[in-house]
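Read off the chains here:
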Amino acid sequence: MPSSVSTLTEERTEEAAPPPPKSSSGCRRWAAWASVAWFLVPALVLFLVFVLAPIVVAVWTGFFKWGGIGPMDDFVGFGNYTKLFDDQVFLGDLGRGLYLILMSVLVQLPFALFTAVLLNQKLRGRAVYRMLFFAPYILSEVVTAVLFTMIFLPGAGMADHLAGFFGLEGLQGKWLADPSTVMPTLFVVMIWKYFGFHMMLFLAGLQSIPSEILEAASIDGAGAWQRFRHITLPLLGPTIRISVFLSIIGSIQLFDLVWVMTAGGPNHSSETMAIAMFQFGFKRYQVGYASAISVVLFMISLVFSLFYQRYVLRRDLTGAVTSGGGR
């Protein structure tokens, strides 16, 4: 009897024991926040210094007529932007950017997808082919531009010799020197440089498709085209959408490849918005006007990215921590 009473007393004592002090839980909470801040603050500082601050400075500078030296005291408001959209050369830059976008989406990506489908088959030496096709992407844009400048060198380049061999003498010496051929020539270089990257994206997407689905469709009598059209393409949709996004953003912001090969010439016929921004900012010392170009370039990229994420990547971002995910 006494033992049972003591047991009940101990149980009541344990039940009546006070909860742990709130200070310990508060300390743990502050320690967790301190750990988050320790990893987050350096990234935020880098973002503010190298991303947000240059954007703010460019927006502010775009309201002035300024040469880059001395105080900014010639406020012109939206005068730089008005001048920008009255400039036929800049409107041509927009058109050339649209040309690169359309060619990238309609030519480069289908070519990369076709190559990825071929290299996804059981071919002897396919690892070597993958390496060879992906190798140009590893090269820097400057090295690629110098290499193809030598290839298209008038009179002595390999392109002129090949044109003569195939009876295309009319193209000799015109590759990068004629306004009618410079953009297609640059696009050929872009395909050589970047299609391997998109090919590897498509190849990774193809290898993630379960082989059992394709085997079941084959047993049901579906041909190769039917399997590709109704199974492979839909399951490859997220990869294709990401590849299209990267291709369009890269075409909008194309700079170094064009700068080394043509510097925007001849007569602005290969100039892009990034080339125009560099020319006005560092060659003509019209920093305010160049800042206006950079703001327009940034806004085009931003609006397109938000639109694409909201309406094209919506199904792929369902459940993700984004403003459009899951809605």
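Counting of residues starts from 1 at the beginning of each chain's written sequence and follows it residue by residue. For this predicted model, a pLDDT threshold of at least 70 governs which residues receive local features, and a threshold of 80 or more governs which side-chain atom pairs are given and counted, while totals over whole chains, interfaces and linings are taken from all residues. With hydrogens and water excluded, all non-hydrogen atoms of the structure serve as input to the side-chain values.

**Some remarks on the packing of aromatic side chains**
The following threshold applies: Pairing of aromatic side chains here covers Phe, Tyr and the six-membered ring of Trp, requires ring centres within 6.5 Å, and sorts the geometry by plane angle: under 30 degrees stacked, over 60 edge-to-face, intermediate tilted. Strands here are runs of E lasting at least two residues and helices are runs of H or I lasting at least four, both read from the DSSP assignment and numbered beginning at the N terminus. In this scheme, a residue with accessible area under 20% of its type's maximum is buried, one over 50% is exposed, and one in between is partly exposed, where area comes from a 1.4 Å probe on protein chains only. For a ring to carry a charge above it, either NZ of a lysine or CZ of an arginine must fall within 6 Å of the ring centroid while also lying within 35 degrees of the normal to the ring plane.
Considering all chains together, one arrives at 26 aromatic pairs under this definition. Taking 5.8 Å as the distance between ring centres and 90 degrees as the angle between the ring planes, the aromatic pair formed by Phe 85 and Phe 90 counts as edge-to-face. Pairing Trp 225 with Phe 228 gives two aromatic rings, centres 5.8 Å apart and planes at 35 degrees, and the pair type is tilted. You can see Trp 225 and its partner Phe 228 sitting in helix 10 (residues 224-235), 3 residues apart, about one turn around the helix. The class of Trp 225 is exposed, set by a relative accessible area of 61%. Counting every residue linked through ring pairs, the aromatic cluster contains Trp 60, Phe 63, Phe 64, Phe 75, Phe 78 and Tyr 81. Sitting over the face of the ring of Phe 280, Arg 284 holds its NZ or CZ atom 4.4 Å from the ring centroid. Above the plane of the ring of Tyr 311 lies Arg 310, whose end atom (NZ or CZ) is 5.7 Å from the centre.

**Remarks on the nonpolar core**
Let me state the cut-off plainly: Definition of nonpolar core: a set of buried residues of the types Ala, Val, Leu, Ile, Met, Phe, Trp, Tyr and Cys, connected through side-chain atoms within 4.5 Å.
With 34 residues, the main nonpolar core has Phe 152, Leu 176, Leu 186, Met 190, Leu 254, Leu 257 and Met 261 as its most contacted residues. Among the secondary structure elements, those contributing two or more residues to this core are helix 4 (88-119), helix 6 (141-151), helix 7 (158-165), helix 8 (182-207) and helix 12 (256-261). Top contributing element to this core by residue count: helix 8, with 13 residues. Core analysis: the next-biggest nonpolar cluster, separate from the first, contains 26 residues, Tyr 81, Tyr 289, Val 296 and Tyr 308 among them.

**Side note on the UniProt feature "transmembrane region" (unreviewed entry) in the protein chain**
What counts is decided by this rule: UniProt positions are given in the numbering used here, feature names are shortened, and annotations may be inferred rather than shown by experiment.
The positions that UniProt labels "transmembrane region" (unreviewed entry) are, in the present scheme, residues 30-63, 98-119, 131-153, 185-206, 235-255 and 287-308. End-to-end, the C-alpha atoms of residues 30-63 are 44 Å apart, and along that stretch the chain is 94% helix and 0% strand. Overall, residues 98-119 shows 100% helix and 0% strand. The separation of its end C-alpha atoms is 31 Å.

**Quick look at the side chain of Ser 104**
The test is simple: Under the rule applied, a polar contact is a pair of N or O atoms within 3.5 Å (in protein, one hydrogen donor and one hydrogen acceptor; residues adjacent in sequence only if both atoms are side-chain atoms). Only heavy atoms matter for contacts: two residues are in contact if any of them lie within 4.5 Å across the pair.
As for its placement among the helices and strands, Ser 104 is situated in helix 4. Here Ser 104 falls in the buried class, since its relative accessible area comes to 1%. At a separation of 2.7 Å, a polar atom in the side chain of Ser 104 contacts the main-chain carbonyl oxygen of Leu 100. Those residues in contact with Ser 104 that lie beyond four places of it in its chain are Leu 109, Phe 187, Met 190, Ser 247 and Ser 251.

**Here we look at the pattern of salt bridges**
Rule in force here: Here a salt bridge means any side-chain nitrogen of Lys or Arg lying within 4 Å of a carboxyl oxygen belonging to Asp or Glu.
Overall, the coordinates contain 2 salt bridges when judged by the stated rule. Notably, a salt bridge pairs Asp 93 with Arg 96, separated by 2.6 Å at the nearest N-O pair. Note that Asp 93 and Arg 96 are positioned in helix 4 at a spacing of 3 residues, about one turn of the helix. Its relative accessible area of 16% is what places Arg 96 among the buried residues. Ionic pairing is found between Glu 141 and Lys 193, a salt bridge with its closest N-O pair at 3.9 Å. Residue Glu 141 is located in helix 6, and its partner Lys 193 is located in helix 8; the two are separated by 52 residues in the primary sequence. Given a relative accessible area of 22%, Glu 141 falls into the partly exposed group.

**Quick word on the confidence of the model for the protein chain**
For clarity, the threshold we go by: pLDDT: the predictor's confidence for each residue, scored from 0 to 100.
Mean pLDDT over the protein chain works out to 87, with 89% of the residues at or above the 70 mark. Element-level mean pLDDT values for the protein chain span from 49 in helix 1 (residues 2-15) up to 95 in helix 6. Confidence drops under a pLDDT of 50 for residues 320-327, and excluding neighbours within four residues, the segment shows 11 contacts in the predicted structure.

**What to know about the packing of helix 4 against helix 8**
Axes are the key here: two packed helices are described by the angle between their axes and the distance separating the axes. For the record, the criterion: Interaxial angles span 0 to 180 degrees and are taken between N-to-C directions of axes, which are lines fitted to C-alpha atoms, for helices over the stretch in contact. These descriptions rest on fixed angle ranges, namely under 35 degrees for roughly parallel, over 145 for roughly antiparallel, 65 to 115 for roughly perpendicular, and the rest for oblique. In this scheme the handedness of a crossing depends on how the near helix is turned from the far one: anticlockwise by less than a right angle means left-handed, clockwise means right-handed. Here the nonpolar group is Ala, Val, Leu, Ile, Met, Phe, Trp, Tyr, Cys and Pro; Asp, Glu, Lys and Arg are the charged ones; every other residue, Gly included, is treated as polar.
Contact pair helix 4 / helix 8: the axes reach a minimum separation of 7 Å and the direction vectors enclose 45 degrees. Accordingly, the angle class assigned to the pair helix 4 and helix 8 is oblique. The crossing of helix 4 and helix 8 is right-handed. Of the residues in the contact of helix 4 with helix 8, the class split is 22 nonpolar, 4 polar and 1 charged.

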